[in-house]
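# Understanding the architecture of this molecule
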Amino acid sequence: MTRLRVEPRTSAPLSLHVAAFAVPVAATALLGSLVFLSFSISPLAGLHAFFVAPVSSAHGLSELLVKAAPLTLIGCGLALAFRSNTWNIGAEGQFTLGAIAGCGVALFAPWQDSALMLPAMILAALAAGAFWAGIVAWLRTRFAANEILSSLMLVYVAQFLLLWLVQGPWRDPDGFNFPETRLLQDAATLSPLLPGTRLHSGVLFVLPAAVCLWLILYRSLFGFQLRVVGAAPRAARFAGFSRARIIWLTLCLGGALAGLAGTLEVSGVIGQLVPRISPGYGFTAIIVAFLGGLHPLGVVAAALLVALTYLGAETAQILLGLPHAAAGIFQGLLLFTVLGGGFLRRYRVRVIPRAETATAGTAGTTKTAPSLSSPSSTITGTTKTAPSLSPSSSTTTAPSLSSSTITETTKTAAPLSSSSSSLSSTTTATETVTGKVTTKTTPSLSSSSSSSTTAGTTKTVTKTETDDG
Amino acid sequence: MADLSLVPFILTVSAASLPLLLAATGELVVERSGVLNLGLEGMMLVGAVCGFIVQVEFGVSVLSLGAAWASGMLMAGLFGILALGLRTNQVATGLALTIFGTGLSALAGADYVGRTVEPLSRLGFPGADRFGWLGVFEQTFLFWFAVVMLLLVHVFLFRTRPGLVLRAVGESHDAAHALGYGVVRWRFGALLFGGGMSGLAGAYISLSYTPLWSEGLTAGRGWIALALVVFAAWVPWRLLLGTLLFGAISVLELYGQGLGIGVAPHFLAMLPYLATVAALALISGSVSGRRRRLEAPGSLARPFSPPG
């Protein structure tokens, strides 16, 4: 008789990170084949049309870069926001606003043929994207309005604004009543890098931007604060990091990048404003951010892969007659498998032999707790009863834990967890972050955050960190 | 201005509100159990296309509504396996569900674009023609279903013991777990219910509201339903108020054109979304005033991993 136990990992080896990228891709191909089969399409033909045919020509490769560029720009910004637990899912709206602003400058600026045009457009786009995201940040920090919903609602507002502009005031008077602006003049158009393709010089922005964000995230104080706010909000608060400032900066930075992507798309690819300027880049970039492990450089690789699903859908439309929206199936599956695969990166599933279960697991079984109080009396109490319950329910090992975390002010948690016996003490990665940040406040911190500890495994439950204000 | 008599207006508003009400009622239960499922839009689309396909192929509306319910539940089950079983990030998983559902429904419904079906029949009243205003109650089966469901959900959540447990699971999963309640099981059940309701909401759109199928038919209603749950501060009866308000605003967009209001229709179309943002800001209250924020379920969107 054995049982499985799920334990949080303290650190994940590099091979796991690689696997966390490769396994979802393979699983997506497999599941996608099943979807193809269920619609009586040969999986081989389907996968070929989706993933091989699009990139088997130079033109296809250039298109891949064209599609990956906005995904990378937006995805990098989103990765930063998500790292700090700020859920900006309205990048599509920020993209649209950036496109509107850039195009507005191109249409109405007095310096029509000067070399200043493109820089001015880009500046306007950065500002507009940041402004649109700034509204979300303001609502979040001033009114505590959920940023998921408010950022999303602003996507629709931005799209109606765009629709109004191209159908109304900005419509090309010589355009036979089509809902589009006039074509941008040469000075406002990004020059093509390769003749005969749509590969534009805006693509050159992408890699530097990703590297910059990587530097911000991992080599700056702001990036450190951002990561702490996301991983251990309580620790961040004790350390005096301003949550509101992080929200403002990550949202505006992500918005600015999305706006930049928007104007690059209009200036480099479309050449004018039309009602539909994006095949959902802003939403797809969320997948890209997660597939890239919320790491700016991972995002670059992920963007190329996800761009392939867009191209694949176009090819499949031509070769197999599939609707264009079928790309969503692969993008959804990819995100499902990436997220599901994250489980294996975050947790270790151990097979516990019976003997070990008997010695270590008895105190840790879930059945011990109900004896504390009668169920009826405690249900009616809400959140507040929980903390008072848990300390008495378990043999609290928090003091020993906190002391060990204090000593662990150096680089990593690995020596700690490996030196201690396999079961007695496993600290989560976030807890070591708290140890690093604020040595003096750690005792109060860890005693409150390790609410449920059992004799078997000392597991700091970081979920108790509820504050986000 | 011609036929702005009250009965058709109310009928139009209730028709526009109904999908929001169905989906939001389901999501309210889900969020009360502590799960944030952002996949409403995807579940609605899959429900819409499944209901429509069954209706075209078999022509039995009970069957198609059942198919919509079941397909919504399947989608919610997929979400549950990931978010509850594998403890994935609920925000990202919900988004993936929406993107996946959008693609899947487009693929499944590709052969059905442009087909039409007989709209769901309205349940008539004896004497409705004699008293014109009784026409307000000439609604589809789904309307009455939604109203009854809203009542049942209210009674369930606040007047029964299982409802109490569900709320306890949503308020503090650690406490509920300590008391011996299966947090994951309760949440999974709530999710399935929410999925079924979303599927029905989608089917209502494809079978009655606009009796046809096209890609992305739900047009963001799933997201509005999500916002409505926040708007209602997780209280069922306020949901009714919110859905009627939003239904009225979206109808205003149609009437606004007829009334010759001197505003571009685009700005009227923005109204529901702006109203949601405004409602979010008003309901959430200021950051410092923490009292009102406590109305959100305490464990909302936090993945649960049992200790030990």
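Remember, it's a predicted structure, so these values are computed and weren't measured experimentally.

## Describing the overall build of chain A
Of the regular secondary structure elements, chain A holds 20 helices and two strands. Looking at chain A as a whole, 55% of its 469 residues qualify as buried. Of all intrachain contacts in chain A linking residues separated by at least 6 positions in sequence, the fraction that spans at least 24 positions is 77%. Here chain A has roughly 18900 Å² of accessible surface; of this, 68% comes from carbon and sulfur atoms.

## Overview of the overall build of chain B
Helices and strands together make up the secondary structure of chain B, namely 12 helices and zero strands. Beginning at the N terminus, the succession of helices and strands in chain B can be written as α-α-α-α-α-α-α-α-α-α-α-α. A burial count over chain B gives 57% of its 308 residues as buried. Nonlocal contacts in chain B, meaning residues at least 24 apart in sequence, comprise 77% of its contacts between residues at least 6 apart. Only carbon and sulfur atoms are counted for the fraction: they give 69% of the accessible area of chain B, which is about 11600 Å².

## What about helix 2 (residues 40-58) of chain B?
Since one α-helical turn is 3.6 residues long, residues separated by three or four positions face the same way. Residues and elements named next belong to chain B. For helix 2, spanning 19 residues, the distance from its first C-alpha to its last is 26 Å, which sits close to the expected 27 Å at 1.5 Å a residue. Among the 19 residues of helix 2, 15 are classified as buried, and the element is accordingly described as predominantly covered. Immediately beyond the C-terminal end of helix 2, within one or two residues, lies Gly-59, with a positive phi of roughly 75 degrees.

## Details of the pattern of salt bridges
All names here are of chain A. Under the definition given, this model contains four salt bridges over all chains. Its salt-bridge partner being Lys-67, residue Glu-63 comes within 3.8 Å of it at the nearest N-O pair. In this pair, Glu-63 and Lys-67 are both assigned in helix 3 (residues 58-83), four residues apart and thus about one turn of the helix distant. In terms of burial, Glu-63 and Lys-67 fall into one category: buried. Each of Glu-63, Lys-67, Arg-198 and Glu-314 takes part in salt bridges that share partners, so that together they form one network.

## A word on the environment of Ile-352 of chain A
Mapped onto the fold, Ile-352 of chain A is located in strand 2 (residues 347-352). C-alpha separation for the pair Ile-352 of chain A and Arg-3 of chain A, spaced 349 residues apart in sequence, amounts to 5.4 Å.

## Some details on the packing of helix 5 (residues 117-143) of chain A against helix 6 (residues 147-167) of chain A
All names here are of chain A. Two elements in contact, helix 5 and helix 6, have axes separated by 9 Å at closest approach and are oriented at 145 degrees. Our pair here, helix 5 against helix 6, has a crossing hand that is right-handed. Judged by residue contacts, Trp-132, Ile-135, Val-136, Leu-139 and Arg-140 of helix 5 engage Glu-147, Ser-150, Ser-151, Leu-154, Val-157 and Ala-158 from helix 6. By residue class, the composition of the contact of helix 5 with helix 6 is seven nonpolar, two polar and two charged.

## Topic: helix 1 (residues 14-38) of chain A
In this model, helix 1 of chain A (25 residues) spans 36 Å end to end at C-alpha, consistent with the 36 Å of a helix rising 1.5 Å per residue. Looking at the packing, one finds that the buried side of helix 1 of chain A touches helix 2 (43-52) and helix 13 (327-346) of chain A together with helix 4 (90-108) of chain B. Note on helix 1 of chain A: the residue one or two positions beyond its end, Ser-40 of chain A, has a positive phi of about 50 degrees.

## Description of the nonpolar core
One finds Leu-71, Ile-74, Leu-273 and Phe-290 of chain A together with Trp-223 of chain B to be the most contacted residues of the largest nonpolar core, which totals 200 residues. Look past the residues within four positions of Leu-273 of chain A in its chain and what remains in contact with it is Ala-99, Ile-100, Cys-103, Leu-162, Val-166, Trp-170, Pro-179, Glu-180, Thr-181 and Val-266 of chain A. Residues Val-165, Leu-179, Tyr-181 and Phe-304 of chain B belong to the second largest nonpolar core, which totals seven residues.

## What about the layout of surface pockets?
A volume near 1600 Å³ is recorded for the second largest pocket. As for the second largest pocket, its lining consists of 50 residues, and the residues nearest its centre are Tyr-156, Gln-159 and Arg-276 of chain A together with Gly-216 and Ala-219 of chain B. For the lining of the second largest pocket, the element with the highest residue contribution is helix 4 of chain B, accounting for seven residues. A per-class count over the lining of the second largest pocket returns 29 nonpolar, 15 polar and six charged.

## Focus on the packing of aromatic side chains
Within the structure shown, the criterion is met by 24 aromatic pairs over all chains. Arranged with centres 6.4 Å apart and planes meeting at 75 degrees, the rings of Phe-224 of chain A and Phe-241 of chain A form a pair that is edge-to-face. Note that Phe-224 of chain A is positioned in helix 8 (residues 221-231) and Phe-241 of chain A in the loop between helix 9 (233-238) and helix 10 (243-270), a separation of 17 residues in sequence. Overall, the relative accessible area of 24% leaves Phe-224 of chain A in the partly exposed class. Their ring planes at 85 degrees and their centres at 5.0 Å tell us that Phe-143 of chain B and Trp-144 of chain B sit as a pair that is edge-to-face. Phe-143 of chain B gets classed as buried once you look at its relative accessible area, which sits at 18%.

## Observations concerning the confidence of the model for chain A
The predicted model of chain A has a mean per-residue pLDDT of 76, with 75% of residues at 70 or higher. Long-range and interchain partners of residues 357-469 of chain A, a stretch whose pLDDT sits below 50, account for 168 contacts in this model, where long-range means more than four residues apart.

## Comments concerning the side chain of Ser-299 of chain B
All names here are of chain B. Mapped onto the fold, Ser-299 is located in the segment after helix 12 (290-293). Within polar-contact distance, the side chain of Ser-299 engages the backbone oxygen of Glu-171 at 3.2 Å. Setting aside anything within four residues of it in sequence, one finds Ser-299 in contact with Gly-34, Val-169, Gly-170, Glu-171, Ser-172, His-173 and Arg-187.

## With respect to unusual backbone geometry
Not every positive phi belongs to a glycine, and Phe-176 of chain A is a case in point at roughly 55 degrees. Inspection of the secondary structure puts Phe-176 of chain A in the loop between helix 6 and helix 7 (206-219). Of the residues examined, Phe-176 of chain A reaches a relative accessible area of 75% and is grouped as exposed. Unusually for a residue other than glycine, Ala-219 of chain B sits at a positive phi of about 50 degrees.

## Considering a nonpolar patch on the surface
Residue and element names in this part refer to chain A. On the surface, a nonpolar cluster with roughly 380 Å² of combined accessible area is contributed by Leu-4, Leu-344, Val-349 and Val-351. Note on placement: Val-349 falls in strand 2. Val-349 sits in the partly exposed class, given a relative accessible area of 39%.

## Details of the side chain of Thr-93 of chain B
With respect to the secondary-structure elements, Thr-93 of chain B resides in helix 4. With a relative accessible area of 0%, Thr-93 of chain B lands in the buried category. Ignoring any residue separated from it by four or fewer positions in sequence, one finds Thr-93 of chain B in contact with Phe-336 and Leu-339 of chain A together with Phe-79, Leu-82 and Thr-88 of chain B.

## A short note on the environment of Thr-243 of chain B
All names here are of chain B. Assignment of secondary structure puts Thr-243 in helix 10 (residues 236-259). Owing to a relative accessible area of 1%, Thr-243 belongs among the buried residues under this scheme. Placed 12 residues apart in sequence, Thr-243 and Phe-231 show a C-alpha to C-alpha distance of 9.7 Å. Residue contacts for Thr-243: discarding those within four places in its chain leaves Ser-17, Leu-20, Leu-21 and Leu-228.

Cut-offs used in this document
Residues numbered from 1 in each chain as written. Chains lettered and ligands numbered in written order. Predicted model: local features only at pLDDT ≥ 70, side-chain atom pairs only at ≥ 80, totals over all residues. Heavy atoms only, no water. Helix = DSSP H or I, 4+ residues; strand = E, 2+ residues; numbered from the N terminus. Buried < 20%, exposed > 50% of the residue type's maximum accessible area, 1.4 Å probe, protein only. Contact = heavy atoms within 4.5 Å. Areas by Shrake-Rupley, 256 points an atom, 1.4 Å probe, with all protein chains shown as cover. Expected span 1.5 Å × (residues − 1). Salt bridge = Lys/Arg side-chain N within 4 Å of Asp/Glu carboxyl O. Axes fitted to C-alpha atoms, helices over the stretch in contact; angles between N-to-C directions. Left-handed = near helix turned anticlockwise from the far one by under 90°. Nonpolar A, V, L, I, M, F, W, Y, C, P; charged D, E, K, R; others polar. Core = buried A, V, L, I, M, F, W, Y, C linked by side-chain atoms within 4.5 Å. 1 Å grid on protein atoms, 1.4 Å probe; cavity = no way out; pocket = protein on both sides within 12 Å on 5 of 7 lines; lining within 4 Å. Points joined across faces, edges and corners; volume = space filled by probe spheres on them. Phe/Tyr/Trp six-rings, centres within 6.5 Å; stacked < 30°, edge-to-face > 60°. pLDDT = per-residue confidence, 0-100. Polar contact = N/O pair within 3.5 Å; in protein donor to acceptor, adjacent residues only side chain to side chain. Patch = residues over 30% accessible without salt bridge, like charges linked within 9 Å, V, L, I, M, F, W, Y side chains within 5 Å.

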